[in-house]
Amino acid sequence: MTRVSQVIVPSLDAPKRSSNFFTQFQEDTALSAFERWMVYLDYRLAKDENDKEAQRMKTVGERAIVKLLPGDVQIAGVTRTGQIEFALDGQRVATVGLSDGFRSIIALAGDLIWRLLQAFPDLEDPTQAPGVVLIDELDIHLHPTWQREIAGWLRDVFPHLQFFVATHSPLIAAGAGEDALTLRLAQTNGQLTITEIPYIHLAGTVERTLTSDAFGLESTYTPATARKIRRYHALRQGHGPLQGVDKKEYQQLELFLREIQPHRDLPAPDSLEARIDRFLDRFLDTHLP
């Protein structure tokens, strides 16, 4: 029995203008676009190794994609069956075998590069071209370490593109850069409000970013831990010394808090500091609106 290998004959149609929008929201579509133009350029160079235009586009595209991929990753080439392979950790891995994070970045970068090459055919390096790019949920499939860096990578590879990025990741938001404009969009009773969040890159930690006005998260603790913390403070703010079951519960919660916050100084429930805290809490609750 003879096995016949499938050989892909490349063809490349100019992308429709409408696809400028939906490819950024459909990874498979963008990834297939990258694979098509890689196979197309490889085919052109196989037919004519002196095809300078194809070599230029291939060099520009590969350089941009490799620069965006984390770690020491290189494009190894195109197989005779039309598969793109990458050199990763000493192995040749086809696009389909890469992680979702790698695939997402390749899809994004590959689609951008190809469109820039089409839009600016006479520009020696289309990655230097100006433009506007909309990206929804840039953080999808990306490891947290990549989320911290992806905005900087994109700005470095495409310095003259203006990126409008929607995200639910504090790492993406904080990593956008000092000159980035951060806006929070909220809809209440059918009304859209837009609030500028200044200096988010100075938040310092993910926790502070999440609990800032950008995301408005009440607590970064798990729901169960947050309930224990609220119960601990409720017991601290009670009237009079703790007795019986309440005192035992308080002691258990205190041990729990010392375990999750080893450097925090927790006053004893009947200490002067705890009584002052209870007085101030009751005073503020009574006199503040």
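Values in this document were obtained by computation on a predicted structure and should not be read as measured data.

**Q** Before we move on, can you summarise the overall build of the chain with the specific residues and values?
**A** Within the chain, the secondary structure is distributed over 10 helices and seven strands. Counting over 289 residues, the chain shows a buried share of 36%. Long-range pairs, those at least 24 residues apart, make up 58% of the contacts in the chain with a sequence separation of at least 6.

**Q** So what's going on with helix H4 (residues 100–119)? Residues and values would help.
**A** A rise of 1.5 Å per residue sets the reference length of H4, with its 20 residues, at 28 Å; its end C-alpha atoms lie 28 Å apart and thus fit the reference within 8%. The buried fraction of H4 amounts to 17 of the 20 residues, a majority that puts the element mostly inside the structure.

**Q** Talk me through helix H9 (residues 244–260); I want residue IDs and the actual numbers.
**A** An ideal rise of 1.5 Å per residue puts 24 Å on 17 residues; H9 measures up with 25 Å between its terminal C-alpha atoms. Where H9 is buried, its residues contact helix H8 (223–236).

**Q** Describe a nonpolar patch on the surface, and please don't skip the residues or the numbers.
**A** Together, Leu181, Leu183, Leu185, Leu192 and Ile194 make up a nonpolar patch on the protein surface, roughly 530 Å² of accessible area in all. Counting residues per element, the ones that place at least two in the nonpolar patch are strand S6 (183–188) and strand S7 (191–196).

**Q** Outline the side chain of Glu85, listing residues and values.
**A** Tracing the backbone through its elements, the reader meets Glu85 in strand S2 (residues 84–88). Apart from the residues lying within four places of it in its own chain, the contact partners of Glu85 are Ile75, Ala76, Gly77, Thr79, Arg92, Val93 and Ala94.

**Q** For the packing of helix H3 (residues 52–68) against helix H5 (residues 144–157), give the residues involved together with the corresponding values.
**A** Where H3 meets H5, the axes come as close as 9 Å, and the angle between the chain directions of the two elements is 155°. Looking at the two axes, H3 sits roughly antiparallel to H5. Regarding H3 and H5, the two cross each other, and that crossing is right-handed. Along the contact surface, H3 presents Ala64, Lys67 and Leu68, while H5 presents Trp153, Leu154, Asp156 and Val157.

**Q** Please provide a residue-by-residue account of the layout of surface pockets, values included.
**A** A volume near 1,100 Å³ is recorded for the largest pocket. Around the largest pocket, the lining is made up of 31 residues, and of these Phe164, Val165, Ala166, Leu181 and Thr182 lie nearest the centre. Contributing elements (two or more residues each) for the lining of the largest pocket: strand S4 (131–136), H5, strand S5 (161–166), helix H6 (170–174) and S6. Among the elements that make up the lining of the largest pocket, the one with the highest residue count is S5 (six residues). By residue class, the composition of the lining of the largest pocket is 23 nonpolar, four polar and four charged.

**Q** I'd like to hear about the packing of aromatic side chains, residue by residue, with values.
**A** Between two aromatic rings, the relevant description is the distance of the centres plus the angle of the planes. Under the criterion given, the structure shown has four aromatic pairs. Here the aromatic rings of Trp37 and Trp114 are separated by 5.9 Å at their centres, their planes lie at 15°, and the arrangement is stacked. Here Trp37, found in helix H2 (residues 27–47), pairs with Trp114, found in helix H4; they are 77 residues apart in sequence, far enough to count as distant. Under the relative-accessibility criterion, Trp114 is labelled buried at 7%. Their ring planes at 75° and their centres at 6.5 Å tell us that Tyr40 and Trp114 sit as a pair that is edge-to-face. Linking Tyr40 in helix H2 with Trp114 in helix H4, this pair joins segments that are 74 residues apart in sequence. Tyr40 sits in the partly exposed class, given a relative accessible area of 21%. Aromatic rings pair up to connect Trp37, Tyr40 and Trp114 into one cluster.

**Q** Tell me what's going on with the sheet that holds strand S1 (residues 74–78), and back it up with residues and numbers.
**A** Taking strand neighbours across the sheet as the criterion, the three strands line up as S1-S2-S3 in an open arrangement whose pairing is antiparallel. If you trace the sheet from one side to the other, it starts and ends with S1 and strand S3 (91–94), each paired once. For this sheet, the mean inter-axis angle between neighbouring strands, taken without regard to orientation, is 35°. One ladder, built from four bridges, connects S1 with S2; its direction is antiparallel. Looking at the pairing, Val78 lines up with Ile84 of S2.

Calculation rules
Residues numbered from 1 in each chain as written. Predicted model: local features only at pLDDT ≥ 70, side-chain atom pairs only at ≥ 80, totals over all residues. Heavy atoms only, no water. Helix = DSSP H or I, 4+ residues; strand = E, 2+ residues; numbered from the N terminus. Buried < 20%, exposed > 50% of the residue type's maximum accessible area, 1.4 Å probe, protein only. Contact = heavy atoms within 4.5 Å. Expected span 1.5 Å × (residues − 1). Patch = residues over 30% accessible without salt bridge, like charges linked within 9 Å, V, L, I, M, F, W, Y side chains within 5 Å. Areas by Shrake-Rupley, 256 points an atom, 1.4 Å probe, with all protein chains shown as cover. Salt bridge = Lys/Arg side-chain N within 4 Å of Asp/Glu carboxyl O. Axes fitted to C-alpha atoms, helices over the stretch in contact; angles between N-to-C directions. Parallel < 35°, antiparallel > 145°, perpendicular 65-115°, else oblique. Left-handed = near helix turned anticlockwise from the far one by under 90°. 1 Å grid on protein atoms, 1.4 Å probe; cavity = no way out; pocket = protein on both sides within 12 Å on 5 of 7 lines; lining within 4 Å. Points joined across faces, edges and corners; volume = space filled by probe spheres on them. Nonpolar A, V, L, I, M, F, W, Y, C, P; charged D, E, K, R; others polar. Phe/Tyr/Trp six-rings, centres within 6.5 Å; stacked < 30°, edge-to-face > 60°. Pairing = 2+ DSSP bridges.

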